[in-house]
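Examination of the molecular architecture
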Amino acid sequence: MRPTYTIFKREFLSFVVSPIAYIVISVFLVVVGWFFFSTFFIYNQASLRNFFSLLPITFSLMVPAITMRLFAEEMNTGSYETLMTLPITLSDAIVGKFLAALALVAVMLSPTLFYPITVALIGSLDWGPVIGGYLGALLLAAAYSAIGIFASSLTRNQIVAFIVGVAICFTLTLIDKMLFFMPAVLLQVFQMLGADAHFQNIAKGVIDTRDVIYFLSVGFIGLSATRLVLENRA
């Protein structure tokens, strides 16, 4: 565990001193804050449903922006070879970077805890969907972080890594909205692959093991694919 923690600490501290992290967090808070408060007083409901409905789309853009540099920058600057000479395993490097990205997303989400507190002061807030929504947000962030790290392992170019990560995350977010294009025999398969539907189920305050397993599976597949790519690159 110690090598994984060392990589986690190194990557998280590099996020802290990186202007990209502050730009991503600022853009995220402005976008979700504007959409949330601009509709909150129109619907006049003590609920965070609109806020959570936005998260899959915003995470599709923000999480790949956080993860795009994790391996792409290392390979572009040549520090990846140095990293692999350290007394760590490939799994230590992948998991450490993954946990650092997930921790930064948690930091990015933390100011939004102000929203339910504000809503609870104004009206009667049902805390079950709120807790479910934040749990679902962390599971969604974990799945998209694993996909973003996989995209970063494919290329030395951070922009290419960002575009590949966004493309995969957007596809998972929107695939269950495009079922009318799909063959009838595959409808259930594509519906099951949609991240948004699984997230919205949890955000209703109902924890279904199928939704949790979905996000854990996407995360595991993303990290396993990253390992395969890096092993073949060695």
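Rules behind the numbers
- Residues numbered from 1 in each chain as written.
- Predicted model: local features only at pLDDT ≥ 70, side-chain atom pairs only at ≥ 80, totals over all residues.
- Heavy atoms only, no water.
- Helix = DSSP H or I, 4+ residues; strand = E, 2+ residues; numbered from the N terminus.
- Rg over C-alpha atoms; globule rule 2.2 N^0.38 Å.
- Buried < 20%, exposed > 50% of the residue type's maximum accessible area, 1.4 Å probe, protein only.
- Areas by Shrake-Rupley, 256 points an atom, 1.4 Å probe, with all protein chains shown as cover.
- Axes fitted to C-alpha atoms, helices over the stretch in contact; angles between N-to-C directions.
- Parallel < 35°, antiparallel > 145°, perpendicular 65-115°, else oblique.
- Contact = heavy atoms within 4.5 Å.
- Nonpolar A, V, L, I, M, F, W, Y, C, P; charged D, E, K, R; others polar.
- Expected span 1.5 Å × (residues − 1).
- Arc of directions from axis to C-beta.
- Phe/Tyr/Trp six-rings, centres within 6.5 Å; stacked < 30°, edge-to-face > 60°.
- Core = buried A, V, L, I, M, F, W, Y, C linked by side-chain atoms within 4.5 Å.
- Salt bridge = Lys/Arg side-chain N within 4 Å of Asp/Glu carboxyl O.
- Polar contact = N/O pair within 3.5 Å; in protein donor to acceptor, adjacent residues only side chain to side chain.

**A word on the overall build of the chain**
In terms of regular secondary structure, the chain is built from twelve helices and zero strands. When its helices and strands are written in sequence order, the chain yields α-α-α-α-α-α-α-α-α-α-α-α. Against the 2.2 N^0.38 benchmark of 17 Å for 234 residues, the chain shows a C-alpha radius of gyration of 18 Å, consistent with a compact globule. Here the chain holds 234 residues, and the buried ones make up 44% of them. If you sum the accessible surface of the chain, you get close to 11,800 Å²; carbon and sulfur atoms cover 72% of it.

**Considerations on the packing of helix 4 (residues 69-77) against helix 6 (residues 90-109)**
For the pair helix 4 and helix 6, interaxial distance at closest approach is 11 Å and the crossing angle is 125°. Taken together, the axes of helix 4 and helix 6 are oblique relative to one another. Between helix 4, through Leu70, Phe71 and Glu74, and helix 6, the contact on the second element is made entirely by Ala93, Ile94, Lys97 and Ala101. Of the residues belonging to the contact of helix 4 with helix 6, the class tally is five nonpolar, no polar and two charged.

**Overview of helix 1 (residues 2-16)**
Taking 1.5 Å of rise per residue, 15 residues should cover 21 Å, and helix 1 covers 21 Å from first to last C-alpha, within 8% of that figure. Of the residues making up helix 1, those classed as buried are Thr4, Ile7, Glu11 and Phe15. Across the axial projection of helix 1, the buried residues extend over an arc of 75°, all falling on one side.

**Quick word on the packing of aromatic side chains**
According to the stated counting rule, one finds eleven aromatic pairs in the structure shown. The interplanar angle of 35° and the centroid separation of 6.2 Å between the aromatic rings of Tyr5 and Phe8 together place this pair among those described as tilted. Of this pair, Tyr5 and Phe8 are both found in helix 1, three residues apart, which corresponds to roughly one turn of the helix. According to the relative accessible area criterion, Tyr5 is partly exposed, its value standing at 47%.

**So, the nonpolar core**
Across soluble globular proteins, you tend to see nonpolar side chains buried next to one another. Phe51, Leu55, Phe59, Met108, Tyr144 and Phe215 are the most contacted members of the largest nonpolar core, which totals 56 residues. The element contributing the most residues to this core is helix 8 (residues 127-153), with twelve residues. Sequence-distant contacts of Phe59, that is, excluding residues within four places in its chain, are made with Phe28, Pro64, Val105, Met108, Leu109, Ala137, Leu140, Ala141 and Tyr144.

**Examining the pattern of salt bridges**
This model, assessed by the stated rule, comprises eight salt bridges. Close ionic contact of Glu74 with Lys97 constitutes a salt bridge, the shortest N to O distance being 2.8 Å. Note that Glu74 is positioned in helix 4 and Lys97 in helix 6, a separation of 23 residues in sequence. Accessibility assignment for this pair places Glu74 and Lys97 in one class, buried. A salt bridge links Asp208 to Arg210; the nearest nitrogen and oxygen atoms lie 2.7 Å apart. Owing to a relative accessible area of 22%, Asp208 belongs among the partly exposed residues under this scheme. Three or more residues are tied together by salt bridges with common partners; here these are Arg10, Glu11, Arg69, Glu73, Glu74 and Lys97.

**Section: the side chain of Glu74**
Looking at Glu74, the relative accessible area reads 4%, which means it is buried. A distance of 2.6 Å separates the side chain of Glu74 from the side chain of Ser79, its partner in a polar contact. If near-sequence neighbours (up to four positions away) are discounted, Glu74 is found in contact with Arg10, Glu11, Arg69, Ser79, Tyr80, Leu83 and Lys97.

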